[in-house]
Amino acid sequence: MLDLRQTYLGSPFSSLHHLVLPQETLLLYPSADAVVILNARNLAFLRVLAFWEVFPGSTYASENISCISVDSGMKLIVAAVNHRIATWSLSGVQNVQNDTWRIHSSLVIPREYTITTLDSKSGLLAVGTNRGLSVYTLILEDNLPTWFLKWTVSLKTPPLLVRFAPSLMYIATTNKIDNAVSLYSTTTGRQIQLIPHPRPVVNLSWRHSQASSRDDLILYTITSDSTLRIYFPVLDSPQYLQLHAAIDLYSSTSPSLATASVRTSSAVFWLDRQVISQTLEKLLNQDSDPDDVKTRTLRDIQEEGWDLFLRVIEDGSLVLTAVANIDRRPPTLLKHFTIQQSWRSPLPRIPSHLYALPNPSHPTASLVSTSPLCSFELDLINFFDDQPTGLRLTAQFLDRISAEESEISRFVRTPEGQGLGVIRKGGGGETWSHGPAEAMLTRSASWSAADRVVVLDHGRLFATYSSSESTLTLHTSPPTSVSVPHLTSLFTTPSNNSHDSILGITDDLAIIHLTVNTKVEDGHSPSVTLSLHSHNHLPLDVHPWLILPVDPMAWGMKNEWVEHDALLSISEEGELAFWIPEDRQVINGLSTLNSGHSGWRCTGKVKTGRRPIRKARCSSAKKTALVTPCTSGEELTIWDSKESEFASGLEFSRTYSQPINDLDWTSTPDMQSILAVGFLHHVELLCQQRMTYFDEGPGWSICWKINIGSFTPYPINDSIWLADSSLLIGAGHQMLLYGPPKSSEKKAESLFEYVARQNGPLPDYHPQMLLQCLLWEKIELVKEIIVNLAKDIQSLKSWRSVPVERFFSKESVSESHKKRYTMLFDGPQEDDEEDGFCRPLVTELIERLESRPLPHLTPNESASLIVLIQTTLEIDEQRRSLDSNGLRYLISMRSFYIVNRRASTPASPQSSGAIPRNTGRRERLRYRDMIWAFHSESQELLLGASSAACNGKICWSDARALGISIWLNSIESMKSQMEVIARNEYMAGDVRDPTVCSLFYFALGKTKLVHGLWRQAAWHKEQNVMLKFLSNDFTQPRWRTAALKNAFALLSKQRFEYAAAFFLLGGSLKDAVNVCIKQLHDFQLAIAIARVAEQSNEGPVLCSILNNTVLPTAFREGNRWLASWAFWLLHRRDLGVRILVTPLQDLASILDISVKDIGEPHYDDPSLALLFSQLRSKTLQAAKGNSEISGRLEFNFVLQIARVFCRMGCHILALDLVRSWSFDRPTALPRPAPRNGDRNSLSSPNYNGVATTHRSTYSLAPSLRRQSSIMIDMDIPSIPPTRAVSPEGKSRSLKTSSIQEEHAPDEGDLVAKKAGLGSLMKSAKQVAQVPDFDMGAFNF
């Protein structure tokens, strides 16, 4: 997702070195205190070797490497700083990316010596110092490589260059004073020859002889006038070098050019004969026409053994000359001639160094020059033919500046991320511009010293602050300055004019606002001025602990209704406050603050409770990252600025053992946030994860990780986001720019694309979208989406989307099951079924998805999609009259069994293993799925469907998984179902064991039946004992006591289920359910036993379970579904409605039950809004609970659910929710009282839970008016008080006295809702008091 696009490692200041490996050629040069290793062909960054790795004490010495040398034979790199020498060795040569550079050895010479030059070859090391020349040899001492001094000679002038001869018998040196080359014997250190030159020698190199039997000394020298001289011995003096040829500008060019270029500068370079020969051999071995002119030229150069020399002239022309017969004797056979002269040169200027290097894996060579550092691809065929493609630029570094070797302190950027300031230690730095085309950085300007710096206008302007002078200077032409107070921080923020604004924070945490203005005068060019606009404080009662800028990287989404924060203030208690500048008014042409305002307005606050905060970073996309120390390291938390009673704002928390050094935000075009967390050697990129309906994964996760520790030892000093998802990392004095993959790289997903896929809007066919549409009664829409998906897969076309309006249309439950008929007595239209949603279409679609999953879907998502398609088909084929809640339960139940069936069966042959089957087996339905069935009016149909899903043999594990004891309301049905469960438990398996079903039969009171089962268990060792024991009369206290004793004995043997059965036999229901709860950890079993044994839904034991087990569990787990069900069963339906919306701690404080732990609020379930919309007007008690929920609370609740939809990727459903939600409440509008004798004034009375038809004496909210009846489930006082007391039930353990009076906020809508409820209760009272039934009311 992010590739290393560009490196800024510092340009070389001296000669380059190379190391040829089997696969590539390495380019090496010193930069500051490190050795940089690049790929010679494309200058790709490979490795940095820091000098302080060998000498840790020099970490903060600020000393630079003076020279390096490369031993190609032993794969050694030698570097020197002052009097110390470090050596590294390469551990492999097969793959440079995986090979490792290891510390080989070190050498320390006396401090009075300063090393000026090095050369290493075959275990020999020549060291030139300010006092002489020394040679060391490599030995093993105690199995450690050690440099041993061989000899040393004193010199008056320090050597500038040192080079070993290929035979290692001689050493050639030069110095800065003498215009001569000195030759020394490697064996003795004696000078054997001095070769004078007319000018200073700037470079020299030994030539390897091509003759296999000779080791001739052939030396090339280049003087300051760009004249190359060739020295080698004659036959009678084989050890004495003589001049045999000189190549200058006049001998290389035509006489006319030479005459016109008397003062023209040039540079000459030897193209390594061995490199050229290897490249020519590769080209000639290719299939080519031997008679071709180009091929003949290459063959002549190869066979004749020409040495090639390239001269670069100031006017941009290139002259290629050759010297033939160097390997032949006598030397008078030398021939010097010009091969070609090219007027087109891709070189930016005359290079100081130029090298021809091999490309082992390509039939070309590389031409590397400096400075600036450039790499060219040398295609010899086209180059000799003077074609433009003969020498093609492949990579280029920037020009060298002196400040680039200073360590980076930090980065600053412009608000949009297209301008950058690099602040280095010592106060200097540079400004850079970030180009959007190639995502590259170009240097703009620099400064020498500053305390604070800001960059403006895409990097074209910058301002520096000097604390000693208390001035802020804008570097324009001419510069402009303004006096400011002492500043602790300085940053920019977007503004409405053409320039960014500058904000500064003073010592007393005051805020100064400076503006950059452009003035245009007549006849003059526009001038830029800097002025102080305002100086004020934030309107806070308590002095803030810290004020930080808000990262403006999300300001690209400029909408009028979006306010972007500019400042973040943090209190000592960890409270975050977000600020934007106040609106300004224009008076007499001047922009001023509104009177009475401080200039800043708070947009929100979040109480984090974190302290002390070590590092903070806020994004304009409403996200804040905090770093706080903790016992096990440092805690990183991410907060959303939308704190409410439904969300604390905390979205992510993680503890890191290593310190966090840096935080920085960026944002995608669709406002998805990405956080870069910087550590010592790596950066982790965190992105927000899409919320799922089933799994509770982390809100944020690592989407990418950049580890620089594998190629550079420098720690990360700072990292910063730039435009277009580019991330710049500063380590040491070097910068690494990561960006999106190049467009030429196919199938490469960018970071923004990945983040959008992880947290952006979902396509219509995504399983999460389909599931939510099914739950929200959009079944016909789901069928249409499935049909479109099948057609798109079959036709291999792009995915078609359903029109947005289809998501807003309402569907009835019966609509999803009805078939279309053309005439009264016609059957369904089979042709339409075949073209639309039908079993053949679904079967074929599932087979295609099994064999070829959709792109960008995880294996779990692909499996879920298939499950939901299959579930939709099965639901559509049911053709039963299910209500909406029953349908939701059936959807969840079908998905539950399909997922488990897929998890336990092998993949089909068609899938070829494309979609794994082990996508996670689930133990039970979630409580929310069970609650749908609890509120369904089609429970008998659901019971039949549940039994059918278990193949008609439902056991207790199945009943617990489906929550039958929770949602089945009828006691008779519960008893029948328990008898079925008991029978199936007994019949399960080959062994008929009466102990497995005794608990259920004893709960049903069928002791004799169990006695009969024991008669058939002749194999059981306890048969005789149980037959004798069960033959007693357990209505007598004696035998009940015996049963209880046996129960305790069974507990000691950990036979818990059988012990609970004996507790039932002994008449102790309470002990039986306690065993189920405490030992078996199965409160569903306890509820089932209590309901059957007490034959009531209001028994004291059942109420005790609900009060003491279910409700504390629900509060501890934050499960509002379970708590709402418990309150509903306890006839506290007002609380059953309120708990769906009201914060848990508010309800826990007014209850008389023991609630010790309150878990997370879990407002991340959109189905809560669905259940709330159903229950709030279902009964009078529920309407009372709804009246105690303020309109503001309900409004925030709906917004929270809409945000959850967006977090789930269902943005269209969030829009549908907010546009269709009705804030229903009873109203206090009086209606005229009915006249006596009005037949419409009567309706059939009913009491205590029986439906009663509304009278026309009160007005209802729209949802109540739509209902034909409302359940009266509470006692109605004659005069309802301002706050109705909670109802009392004759067998309810949660009593009225347990609910204390709440101090609700004084909101007008809450008062209106209470008044409306009073009118509703008064009217219901009038209805309930009708004593007689009047047949005339029906108007017969």
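Procedures and definitions
Residues numbered from 1 in each chain as written. Predicted model: local features only at pLDDT ≥ 70, side-chain atom pairs only at ≥ 80, totals over all residues. Heavy atoms only, no water. Helix = DSSP H or I, 4+ residues; strand = E, 2+ residues; numbered from the N terminus. Buried < 20%, exposed > 50% of the residue type's maximum accessible area, 1.4 Å probe, protein only. Contact = heavy atoms within 4.5 Å. Areas by Shrake-Rupley, 256 points an atom, 1.4 Å probe, with all protein chains shown as cover. Salt bridge = Lys/Arg side-chain N within 4 Å of Asp/Glu carboxyl O. Pairing = 2+ DSSP bridges. Axes fitted to C-alpha atoms, helices over the stretch in contact; angles between N-to-C directions. Parallel < 35°, antiparallel > 145°, perpendicular 65-115°, else oblique. Left-handed = near helix turned anticlockwise from the far one by under 90°. Nonpolar A, V, L, I, M, F, W, Y, C, P; charged D, E, K, R; others polar. Core = buried A, V, L, I, M, F, W, Y, C linked by side-chain atoms within 4.5 Å. Patch = residues over 30% accessible without salt bridge, like charges linked within 9 Å, V, L, I, M, F, W, Y side chains within 5 Å. Phe/Tyr/Trp six-rings, centres within 6.5 Å; stacked < 30°, edge-to-face > 60°. pLDDT = per-residue confidence, 0-100. Disulfide = S-S within 2.5 Å. Polar contact = N/O pair within 3.5 Å; in protein donor to acceptor, adjacent residues only side chain to side chain. Expected span 1.5 Å × (residues − 1).

Caption draft 1: Summary view of the overall build of the chain. Along the backbone of the chain there are 35 helices and 60 strands. Counting across all 1340 residues of the chain, residues that qualify as buried make up 55%. Put simply, of all contacts in the chain between residues at least 6 apart along the chain, 57% involve residues at least 24 apart. For the chain, the accessible area works out to roughly 59300 Å², and carbon and sulfur atoms hold 50% of it.

Caption draft 2: Highlighting the pattern of salt bridges. According to the stated counting rule, one finds 37 salt bridges in the structure shown. Residues Asp565 and Lys622 are paired through a salt bridge, measuring 3.1 Å at the closest nitrogen-oxygen approach. With Asp565 in the loop between strand E42 (546-551) and strand E43 (567-570) and Lys622 in the loop between strand E48 (615-619) and strand E49 (623-630), the pair connects residues that are 57 residues apart, well separated along the chain. Of the charged contacts in the structure, one is a salt bridge between Arg848 and Glu844, with a shortest N-O distance of 3.1 Å. Note that Arg848 and Glu844 are positioned in helix H11 (residues 839-851) at a spacing of four residues, about one turn of the helix. In the salt-bridge network here, residues are joined through shared partners; they are Arg1132, Asp1134, Arg1138, Lys1184 and Glu1188.

Caption draft 3: Layout of the sheet that holds strand E52 (residues 662-667). Taken together, four strands build an open sheet; the order of strands is E52-E53-E54-E55 and the sheet is antiparallel. With one partner strand each, in any of the chains shown, E52 and strand E55 (700-707) form the two edges of the open sheet. Strand-to-strand twist in this sheet, taken as the mean axis angle between neighbours without regard to direction, amounts to 25°. Direction of pairing for E52 relative to strand E53 (residues 673-678): antiparallel, over a ladder of six bridges. Considered in E53, the bridge of Ser667 is made with Ser673.

Caption draft 4: Here's a closer look at the packing of helix H23 (residues 1056-1065) against helix H24 (residues 1069-1078). Contact geometry for H23 and H24: axes closest at 7 Å, N-to-C directions at 165°. One finds that H23 runs roughly antiparallel with respect to H24. As H23 runs across H24, the sense of the crossing is left-handed. Here Phe1056, Ala1060, Phe1063 and Leu1064 of H23 come into contact with H24, specifically with Leu1069, Asp1071, Ala1072, Val1075 and Cys1076. For the contact of H23 with H24, a count of residues per class yields eight nonpolar, no polar and one charged.

Caption draft 5: Expanded view of the nonpolar core. Counting residues in each nonpolar core, the largest one holds 168 residues, and the members touching the most others are Phe807, Trp967, Phe1115 and Trp1125. Contact partners of Trp1125, with chain neighbours within four places excluded, come to Ile931, Phe934, Ile966, Ile1087, Leu1106 and Val1110. Formed by 43 residues, the second largest nonpolar core is a distinct cluster that contains Leu2, Phe45, Leu373 and Cys687.

Caption draft 6: Layout of the pairing of strand E35 (residues 461-466). The element E35 is extensively covered by neighbouring structure, given that five of its six residues are classed as buried. Of the strand pairs in this sheet, strand E34 (residues 452-456) and E35 are connected by five bridges, and their pairing is antiparallel. Considered in E35, the bridge of Val455 is made with Phe462. Where E34 hands over to E35, the hairpin turn is made up of four residues, of which Asp457 adopts a positive phi near 50°. As judged from the four bridges shared by E35 and strand E36 (residues 471-474), these two strands associate in the antiparallel manner. When the bridges of E36 are listed, Tyr465 appears paired with Leu472. Hairpin connection from E35 to E36: four residues lie between these consecutive antiparallel strands, with Ser470 at a positive phi of about 55°.

Caption draft 7: Structural context of a nonpolar patch on the surface. There is a patch of nonpolar side chains on the surface, built from Phe1195, Leu1199, Leu1215, Val1218 and Phe1223 and spanning about 370 Å² of accessible area. Those elements that provide at least two residues to the nonpolar patch are helix H32 (1191-1207) and helix H33 (1211-1220).

Caption draft 8: Spotlight on the sheet that holds strand E4 (residues 34-39). Strands sit in the order E2-E3-E4-E5 across an open sheet of four strands; the sheet is antiparallel. Each of the sheet's edge strands pairs with one partner strand only, and the pair in question is strand E2 (17-20) and strand E5 (45-50). Adjacent strand axes in the sheet meet at a mean angle of 25° when their direction is disregarded. Pairing analysis gives six bridges linking strand E3 (residues 25-31) to E4, with the strands arranged antiparallel. Each residue of the ladder has a partner; that of Tyr29, found in E4, is Val36.

Caption draft 9: Up close: helix H7 (residues 767-775). Along H7, nine of the nine residues are buried, which leaves the element largely enclosed by surrounding structure. Glu777, located one to two residues past H7, shows a positive phi value of around 65°.

Caption draft 10: Examining the environment of Gln772 more closely. Structurally, Gln772 can be placed in helix H7. Separated by 438 residues in the primary sequence, Gln772 and Cys1210 have C-alpha atoms spaced 8.3 Å apart. The residues touching Gln772, leaving out its near neighbours within four places in the chain, are Tyr693, Pro1166, Phe1205, Met1208, Cys1210 and Leu1213.

Caption draft 11: Molecular detail of the packing of aromatic side chains. This structure, assessed with the given rule, holds 25 aromatic pairs. On the numbers, 5.2 Å between centres and 20° between planes, the contact of Phe51 with Phe55 is stacked. Take Phe51: its relative accessible area is 2%, and that puts it in the buried class. Between the aromatic rings of Tyr220 and Trp270, the centroid separation amounts to 4.9 Å while the plane-to-plane angle is 70°, which identifies the pairing as edge-to-face. Taken together, the residues Tyr220 in strand E19 (residues 219-223) and Trp270 in strand E22 (residues 266-271) connect sequence positions 50 residues apart. Of the two residues, Tyr220 and Trp270, neither departs from the other in class, the shared state being buried. An aromatic cluster is defined as three or more aromatic residues linked by ring pairs; in this entry it consists of Phe1029, Phe1034, Tyr1058 and Phe1062.

Caption draft 12: Region of the structure containing the environment of Trp1014. Residue placement: Trp1014 occurs in helix H20 (residues 1007-1015). Between the alpha carbons of Trp1014 and Asp993 there is a distance of 8.3 Å; along the sequence they are 21 residues apart. Among residues more than four places away in sequence, those in contact with Trp1014 are Pro994, Thr995, His1020, Glu1022, Gln1023, Met1026, Leu1027, Leu1030 and Tyr1058.

Caption draft 13: View of the side chain of Thr480. With respect to the helices, strands and loops of the structure, Thr480 is situated in strand E37 (residues 480-483). By relative accessible area, Thr480 is classed as buried at 15%.

Caption draft 14: Focus on the confidence of the model for the chain. When pLDDT is averaged across the chain, the result is 82; 82% of the residues are at 70 or more. The model gives residues 584-597 a pLDDT under 50, and that stretch makes 19 contacts with residues more than four places away or in other chains. Here residues 1226-1268 scores under 50 on pLDDT; set against residues more than four positions off or in separate chains, the count is 80 contacts.

Caption draft 15: Structural view of the state of the cysteines. Enumeration according to the criterion identifies zero disulfides in this entry. Lacking any disulfide linkage, Cys773 is separated from the closest cysteine sulfur, that of Cys1210, by 7.1 Å. According to the relative accessible area criterion, Cys773 is buried, its value standing at 0%.

Caption draft 16: Broad picture of unusual backbone geometry. Here the amide bond leading from Ser371 into Pro372 is cis, since omega sits at 5°, within 30 degrees of zero. In this chain, Ser477 is followed by Pro478 through a cis amide linkage whose omega measures 0°. Tracing the backbone shows Pro478 in the loop between E36 and E37. In this structure, Ser470 takes a positive phi of about 55° despite not being glycine. With respect to the secondary-structure elements, Ser470 resides in the loop between E35 and E36. You can call Ser470 partly exposed: its relative accessible area is 24%.

Caption draft 17: Local environment of the side chain of Ser375. Inspection of the secondary structure puts Ser375 in strand E28 (residues 374-378). There is a polar contact of 2.7 Å between the side chain of Ser375 and the backbone oxygen of Ala40. Not counting the four nearest positions on each side in its chain, Ser375 is found in contact with Ala40, Arg41, Asn42, Leu43, Leu367, Val368, Arg392, Leu393, Thr394 and Ala395.

Caption draft 18: Spotlight on helix H26 (residues 1100-1117). Relative to the 26 Å expected for 18 residues at 1.5 Å per residue, H26 spans 25 Å between its end C-alpha atoms, a close match to the ideal helical length. The buried fraction of H26 amounts to 13 of the 18 residues, a majority that puts the element mostly inside the structure. Of the residues trailing H26, Gly1118 is marked for its positive phi of about 65°.

Caption draft 19: Structural detail: the environment of Leu514. Structurally, Leu514 can be placed in strand E40 (residues 511-519). Looking at Leu514, the relative accessible area reads 0%, which means it is buried. Here the alpha-carbon distance between Leu514 and Ser501, two residues 13 residues apart in the chain, equals 6.2 Å. Excluding its chain neighbours within four sequence positions, the residues that come into contact with Leu514 are Leu472, Val482, Val484, Ser501, Ile502, Leu530, Ser531, Leu532 and His533.

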